[in-house]
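# Residue-level structure breakdown
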Amino acid sequence: MKKEFASRVSLTSKSGLNAIYPSQDPEMISFTGGFPDATLFPSKELADSFQIAISNQHSPLQYQVGEESIDLREKIASLLNNDGTVTNPEQIMMTQGAQQGLDLVAKLVINKGDGLVVEGPTYIGALAAFDAYEPNYYSVSMENDGMNLTELKRILIEKSVKLIYTIPDFQNPTGVVMSLEKRKQLIALANRYDVLILEDAPYRWLRYEGKSLPTLKSLDTQDRVIQLGSFSKILAPALRLGWLTASGEIFSRLKELKAGADLETSNLMIQTVNAYLSKYSLESHLTKLQKSYRIKKNAMMTAMRNYMPENISYTDPKGGFFTWITAPQNYDLDNMQIMSFKPAFHVMVIPSTNLFPDKAHKNGARVSFSSVSLSQIDSGIKRLGNCLSDSYQKQSI
């Protein structure tokens, strides 16, 4: 039988998302996935919270109707308000991780050919979610303090844009933080040109240096910012629990779309996380994460200084899970990734090709330090430096 799939299937199959999963080769050191360190999961506390949830809830394994998530949404609202983002439980929707939020917002806003601004480079999973809706992408380059707003303004003047997608805190994949001045300017541009903003904030509470800046949502005066959050990075990915906060008709329409997508987010996971936040200190857990990841980030920076060739630059993130390396313009890191599988190197990163919508940028790569050990960071970056040097020499011949 001839199978004719929808066009979105071929589009999403080319996203390169499978590249984030680490190799099964025991000799390979993988800096690909933005995975949390499994040794930092609060496993005992979550197990206890699961028992509380399954013991105390009326019919916890049955479909739930109505306000089953109200207690957790109240706690999330409190977290957001304490962080300066004024909201209430009625403006918060639980999602299957932040990834579902990306899909729902794109489904709400984007028709085929609609303008969608993304940072260049950007989160590979966001592009995979957006591709299905066939937007007309406009990529804005990244600077040391966030997206290039001169480029963005030119796009907004010349093109029709519906949505701007940004990760202002410890951007995936560069690790860059958008400055306060740019945050204010971005809100002003969105207001002026009547554009929605999707603020993705999975790393916001994983800051290792400096003070937090206001969220875009907290600066929003016209209810045009939709913000995503997640427990994946700060508790455990397997919970598949995130949230979305928005206002007015946008929020109402997103709730309708979500009901059609999955009926409900797992009540058992909602009640487990609610029990955890009721009984244990999230603040203490975050302090533990920040301390551990700060050590790994510093080890990564030391290894970069020791082993990276002089023609390779890299970012020094103040939080999050990633640094970004940039090679000379004519350098092909896709080709280097092929070389990296050789026994002499055995190291993996995420080349920049699939982190730009046009897939034409080949001289950058995302390097994750979150799920590898300190010894792997040192030996892996040494391998990477050798691989870059060897690959560059071969490409220059």
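The structure under discussion appears in the preceding block.
Quick caveat, the model's predicted, so the values are computed rather than measured. (Residues numbered from 1 in each chain as written. Predicted model: local features only at pLDDT ≥ 70, side-chain atom pairs only at ≥ 80, totals over all residues. Heavy atoms only, no water.)

## Considerations on the packing of aromatic side chains
Summed over the entire model, instances satisfying the criterion amount to 9 aromatic pairs. Between Trp205 and Trp243, the aromatic rings sit 6.2 Å apart at their centres with planes inclined by 45 degrees, giving tilted as the arrangement. Here the residue Trp205 occupies a position in the loop between β7 (196–200) and α8 (216–219), and Trp243 occupies one in strand β9 (residues 242–245), the gap between them amounting to 38 residues. Its relative accessible area of 21% is what places Trp205 among the partly exposed residues. Ring geometry for Tyr208 versus Tyr293: centroids 6.4 Å apart, planes at 45 degrees, classification tilted. Of this pair, Tyr208 sits in the loop between β7 and α8 while Tyr293 sits in helix α11 (residues 282–307), placing them 85 residues apart in sequence. By relative accessible area, Tyr208 is classed as buried at 5%. Clustering of aromatic rings is evident, with ring pairs tying together Tyr203, Tyr208, Tyr293, Phe321 and Phe322. (Phe/Tyr/Trp six-rings, centres within 6.5 Å; stacked < 30°, edge-to-face > 60°. Helix = DSSP H or I, 4+ residues; strand = E, 2+ residues; numbered from the N terminus. Buried < 20%, exposed > 50% of the residue type's maximum accessible area, 1.4 Å probe, protein only.)

## Details of the packing of helix α6 (residues 149–158) against helix α7 (residues 180–193)
The relative placement of two packed helices is expressed as an angle between their axes plus a distance between the axes. At a minimum axis separation of 11 Å, α6 and α7 run at an interaxial angle of 5 degrees. The angle between the axes of α6 and α7 places the two elements in the roughly parallel class. Where α6 abuts α7, its residues Leu149, Leu152, Lys153, Leu156 and Ile157 lie against Lys182, Gln185, Leu186, Leu189, Arg192 and Tyr193. Of the residues that constitute the contact of α6 with α7, the class distribution is 7 nonpolar, 1 polar and 3 charged. (Axes fitted to C-alpha atoms, helices over the stretch in contact; angles between N-to-C directions. Parallel < 35°, antiparallel > 145°, perpendicular 65-115°, else oblique. Contact = heavy atoms within 4.5 Å. Nonpolar A, V, L, I, M, F, W, Y, C, P; charged D, E, K, R; others polar.)

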